[in-house]
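Commentary on secondary and tertiary structure
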Amino acid sequence: MYADIIIDLIHENVDRVFQYIVPSQLEGKVKEGMEVLVPFGAGNKRKKGYIIGFSEKCNYDSSKMKEIYEISDKAVQIEGRLVLLAGWIKENYGGTMIQALKTVLPVKQKRREKISRTIRLLLNEDEARKKLEEFLHRNMKARARVLAELMDNKELPETLIIKKLNITRNVIKTLEEQRIVSVESERVYRNPIQHTQRTASIVTYTQEQQNAITQFKEDYCSGIRKTYLIHGITGSGKTEVYMEMIEEVVREGKQAIFLIPEIALTYQTVMRFYRRFGDRVSIMNSRLSEGEKYDQMIRAKNGEIDVMIGPRSALFTPFARLGLIVIDEEHEATYKSEQIPRYHARETARRRAEMEGASVVLGSATPSVDSYYKALHGEYTLLELKRRATGQELPQMYTVDLREELKKGNRSIISDRLKTLIEERLEKKEQIILFINRRGYAGFVSCRSCGYVAKCPHCDVALSSHKNDKLVCHYCGYEESMQTSCPKCKSRHIGGFKAGTQQIEEIVEKEFPTAKVLRMDMDTTKEKGGHAKILSAFANEEADILIGTQMIVKGHDFPNVTLVGILAADLSLYANDYRAGERTFQLLTQAGGRAGRAEKKGEVVIQTYSPEHYCIQTAAQQSYEAFYQAEINYRELMGYPPAEQLLAIYMTSRDEQLLERGAFFLKEYAERVNKRKEYQIIGPVSPYIEKINDVYRKLIYIKQERYDMLIDMKDFLEKYIEMNSGFQKIKIQFDFNPVNVF
Ligand code: ADP
Ligand code: ZN
Ligand code: ZN
């Protein structure tokens, strides 16, 4: 018997399968997905490796073949199916097989089992009394204490005896050996969710909810497995629909994974699931201890739970009977891994579901353009929830043109309209959120008089300003020099955007001296729990106004907030990236969703220098469809995903010259592969951040309509990189349809 093994080394040049002999003493014991120790290289160093398959036939010179040393008994075994999924991840996202295997195994080390022991007295009353006398007589105080306690209680948990009576385990052992007590061990699982009573659901579904549920159930019962996209506005009752779908799947004896961004994984959400599914549900998140995580995985593996809730990595829960994967807030960027392999949970979920006969349900109030595109092209089944389940109204949205404010002589970051509304709320003792989005902000230059924004003539994304007074495009490298007056209206009010949360806090405190203000940003949330502290203070109405960055828009419910002010919508709109518009629309919609969640109707003020921009207009109209139409036209025109597929190649090195040469040669090679001009190859260019911690960065983009052709290109480039020593000191990563800016 021979085993195919992937050795645990990150080097590209050992990223292949090695065959080892399975020694007779291990035959029947080794399994696919197990971690083993093997001799490796000339010195036969002990290395870890994973078994990914077996064969009867020896593919190499059998006299040179080495034997597996042993099974590493501390490591967790990867399920066979997840080994296959790892292969797919490696193929589709680049990186090595060992990196892919580690990805599908979120908990790698076995943890000590938690055992609960019960001590029971074996003697009858008479015998016990005699023994006690004997112990006291012989001055065996510890034994006497245990015995006396057990005479009162007959049986006690060991932990209690050890802690309360200050007894060592040895004493208990001795008593056990003398057949005075018995010790019974039972494995207990660390359970992150405290037990709660299961309560039946009492909602009557709305017609829209019912339609979505019925369609899913009919498909599921007739064996149809596919991907659904639930497009439902905030509060339309998506979570209720997910739970009903999951219950259906569980009723059929299957298991379900519910993915949710960690930041949105609130106590309330978990409790809703817990009330419905009792202790057949569990969670995975970064706050759990390693022991807790390990136990959840074992429970899943043993089929002791039906539903796993968690962030991206919970996708690899080792369920044996997977029936459904739900991805809530499917548009969120956190579903894309920022480490090699840069997999996307959405695509990987579809692959896993296909392999294991499961369905996938994606849901969002603002679906990603990618998913909506697939839904309109028939790849996903679209389910729509257009009304709030509680019948509550959507907030009123206003746009304020900041150019007009400037004309009126108001240079403050707070428009007259917003000011009036804030005063009104302060009077009524209702709360206000002021939101400044700096995510993706990359120093664009704009005119405060007319709203002009400096953009790349080739790529139609905003240029970023650099210290040397240059404006640069980070897709194609186009450069121009910084203007001192607006090319459109000649105004001198042209420049970068300067607004931090701290400055805003000062302005707000000056304009509204009686208001109590809280600020939430990177600075105020540095300490552990700082985030939660501010949120709960605001929820307890200890402040009137909360100022914050994108951190505050997600998932939190503040029933007394009736006004949300978006101070400068342009900040995210003009990020140097083709997804800037999509992200802005999502943020505006989510921020809007914070206003008026309870009985009180909310209002939202969007301040902008670009009120005519389609993202602002469609967000104000609260029309996802209108946004999508405009956005897809732009993507098609410019050849961005999903109209075309984009492969980004990130290259980093401490050696600037080496990196420059490497990037040049890689591009040259790509051009050689591209004899028939089927690909569009752009770069190499420097990203917005050219250097981090003395590590230089470069990137190349490759566009093609077909994903599989981009994979072919990646394979060619990987081989080329592997064979050329010039790349050894350069780290190269592939990123398909990048979500976050490099
Ligand atoms: P979403 O996930 O789309 O934001 P939720 O499922 O959280 O929506 O529902 C929003 C609120 O409406 C919740 O408080 C939920 O309990 C309530 N809700 C959902 N469906 C119904 C229904 N059919 N009838 C009454 N209330 C509902
Ligand atoms: Zn201008
Ligand atoms: Zn450009």
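Our structure is the block above this text.
Residues numbered from 1 in each chain as written. Chains lettered and ligands numbered in written order. Predicted model: local features only at pLDDT ≥ 70, side-chain atom pairs only at ≥ 80, totals over all residues. Heavy atoms only, no water.

Turning to the coordination of the zinc ion (ligand 3), a few remarks are in order. The coordination sphere of the zinc ion (ligand 3) contains the protein donors Cys456 (SG), Cys459 (SG), Cys473 (SG) and Cys476 (SG), at a distance range of 2.3 to 2.4 Å. Because the angles between the four donor atoms bound to the zinc ion (ligand 3) fall within 106 to 113°, the donor set is best described as tetrahedral. Among the residues examined, Cys459 registers a relative accessible area of 9% and is labelled buried. Taking the relative accessible area as the measure of exposure, Cys476 reaches 26% and is therefore partly exposed. (Donors = N, O, S within 2.8 Å, 3.2 Å for Na, K, Ca; no water. Tetrahedral: all angles 85-135°; square planar, octahedral: opposite > 155°, others 65-115°. Buried < 20%, exposed > 50% of the residue type's maximum accessible area, 1.4 Å probe, protein only.)

The next thing to look at is helix H16 (residues 530–539). For H16, the set of buried residues is Gly530, Ile534, Leu535, Ala537 and Phe538. Taken around the axis of H16, the buried residues stretch over an arc of 160°, which confines them to a single face. Summarising the contacts, the buried residues of H16 are in contact with strand S17 (431–435), strand S23 (517–520), strand S24 (545–548) and strand S25 (561–566). Once H16 finishes, Glu541 follows within two positions and takes phi at roughly 60°, a positive value. (Helix = DSSP H or I, 4+ residues; strand = E, 2+ residues; numbered from the N terminus. Arc of directions from axis to C-beta. Contact = heavy atoms within 4.5 Å.)

A few words on the coordination of the zinc ion (ligand 2). At 2.2 to 2.3 Å from the zinc ion (ligand 2) lie its protein donor atoms, namely Cys447 (SG), Cys450 (SG), Cys486 (SG) and Cys489 (SG). The site at the zinc ion (ligand 2) holds four donor atoms, and with the angles between them running 107 to 112°, its shape is tetrahedral. Binding-site remark: the zinc ion (ligand 2) is held by donors from one chain whose sequence spacing is C-x2-C-x35-C-x2-C. You can call Cys486 buried: its relative accessible area is 0%. For Cys489, a relative accessible area of 33% translates into the label partly exposed.

Attention now goes to the sheet that holds strand S21 (residues 479–481). Spatial strand order, S19-S20-S21: three strands in an open sheet with antiparallel pairing. Looking at which strands have only one partner, the edges of the open sheet turn out to be strand S19 (464–465) and S21. Examined bridge by bridge, strand S20 (residues 470–472) and S21 share three bridges and lie antiparallel to one another. When the bridges of S21 are listed, Lys470 appears paired with Ser481. (Pairing = 2+ DSSP bridges.)

A word on the sheet that holds strand S13 (residues 322–328). The strand order across the open sheet formed by seven strands is S11-S12-S10-S13-S14-S9-S15, and the pairing between neighbours is parallel. Both edges of this open sheet fall to strand S11 (281–283) and strand S15 (381–385), since each of them pairs with a single strand only. The mean angle between the axes of side-by-side strands here comes to 15°, regardless of whether they run parallel or antiparallel. With four bridges joining them, strand S10 (residues 255–259) and strand S12 (residues 307–310) adopt parallel strand pairing. Bridged to Ile257 within S12 is Met308. Packing against the sheet, helix H11 (residues 345–356) makes contact with strand S9 (227–232), S10, S13 and strand S14 (359–364), and its axis sits at approximately 165° to S13. Where helix H12 (residues 369–376) meets the sheet, its contacts fall on S9, S14 and S15, and the angle it forms with S9 comes to roughly 115°. (Axes fitted to C-alpha atoms, helices over the stretch in contact; angles between N-to-C directions.)

A word on the packing of aromatic side chains. Evaluation of the coordinates by the stated rule reveals 25 aromatic pairs. Chaining the aromatic ring pairs together yields one cluster made of Tyr372, Phe585, Tyr624, Phe627 and Tyr628. Above the ring of Tyr398, the side-chain terminus of Arg417 is found at 4.0 Å from the ring centroid. (Phe/Tyr/Trp six-rings, centres within 6.5 Å; stacked < 30°, edge-to-face > 60°. Lys NZ or Arg CZ within 6 Å of the ring centre and 35° of its normal.)

On to unusual backbone geometry. Trans peptide bonds make up most of the peptide bonds, and negative phi angles are found at most residues other than glycine. Residues Pro641 and Pro642 are joined by a peptide bond in cis, for which omega reads 5°. Locating Pro642 in the fold gives a position in the loop between helix H20 (624–638) and strand S27 (645–653). Gly683 connects to Pro684 through a cis peptide bond whose omega is 0°. On the secondary structure map, Pro684 appears in strand S28 (residues 680–685). Its identity is not glycine, yet Lys490 carries a phi of approximately 65°, on the positive side. Positive phi, close to 40°, is recorded for Asn737, a residue that is not glycine. In this structure, Asn737 sits in the segment after strand S31 (731–736).

Soluble globular proteins tend to bury their nonpolar side chains together. Counting residues in hydrophobic clusters, the biggest one holds 135 residues, and the most contacted among them are Ile545, Ile649, Met651 and Ile702. Once residues lying within four places of it in the same chain are set aside, the contact partners of Ile649 are Leu666, Lys698, Leu699, Ile700, Ile702, Leu717, Ile732, Gln733 and Phe734. Listed in part, the 31 residues of the second largest apolar core include Tyr228, Val241, Val270 and Phe277. (Core = buried A, V, L, I, M, F, W, Y, C linked by side-chain atoms within 4.5 Å.)

Near ligand 1 there are 15 residues, and of these Thr204, Gln209, Lys238, Thr239 and Arg272 occur at the shortest range. Contacts to ligand 1 include Ser236, whose backbone N or O atom sits 3.3 Å from an oxygen atom. A distance of 2.8 Å separates an oxygen atom of ligand 1 from a polar backbone atom of Lys238. Out of a free accessible area of 560 Å², ligand 1 has 72% covered by protein chains. Of the residues forming the shell around ligand 1, the biggest block, three residues, is contributed by helix H8 (residues 238–251). Taken together, the residues of the shell around ligand 1 break down into four nonpolar, eight polar and three charged. (Near = heavy atom within 4 Å. Polar contact = N/O pair within 3.5 Å; in protein donor to acceptor, adjacent residues only side chain to side chain. Areas by Shrake-Rupley, 256 points an atom, 1.4 Å probe, with all protein chains shown as cover. Nonpolar A, V, L, I, M, F, W, Y, C, P; charged D, E, K, R; others polar.)

Glancing now at the packing of helix H1 (residues 80–93) against H11. Where H1 meets H11, the closest approach of the two axes is 11 Å, and the angle between their N-to-C directions is 140°. The angle between H1 and H11 falls in the class oblique. In this structure, the crossing between H1 and H11 has a hand that is right-handed. The residues of H11 that touch H1, namely those facing Arg81, Leu82, Leu84, Leu85, Trp88, Ile89 and Tyr93, are Glu347, Thr348, Arg351, Arg352, Met355 and Glu356. (Parallel < 35°, antiparallel > 145°, perpendicular 65-115°, else oblique. Left-handed = near helix turned anticlockwise from the far one by under 90°.)

One water molecule sets the probe size; rolling that probe over the atoms shows where empty space is left. Approximately 910 Å³ is the volume found for the second largest pocket. As for the second largest pocket, its lining consists of 43 residues, and the residues nearest its centre are Arg346, Glu347, Asp370, Lys374 and Tyr380. Listed by contribution, the elements that provide at least two residues to the lining of the second largest pocket are H1, H11, S14, H12 and helix H18 (580–593). Top element by residues in the lining of the second largest pocket is H11. It accounts for six residues. Broken down by class, the residue content of the lining of the second largest pocket amounts to 14 nonpolar, 11 polar and 18 charged. (1 Å grid on protein atoms, 1.4 Å probe; cavity = no way out; pocket = protein on both sides within 12 Å on 5 of 7 lines; lining within 4 Å. Points joined across faces, edges and corners; volume = space filled by probe spheres on them.)

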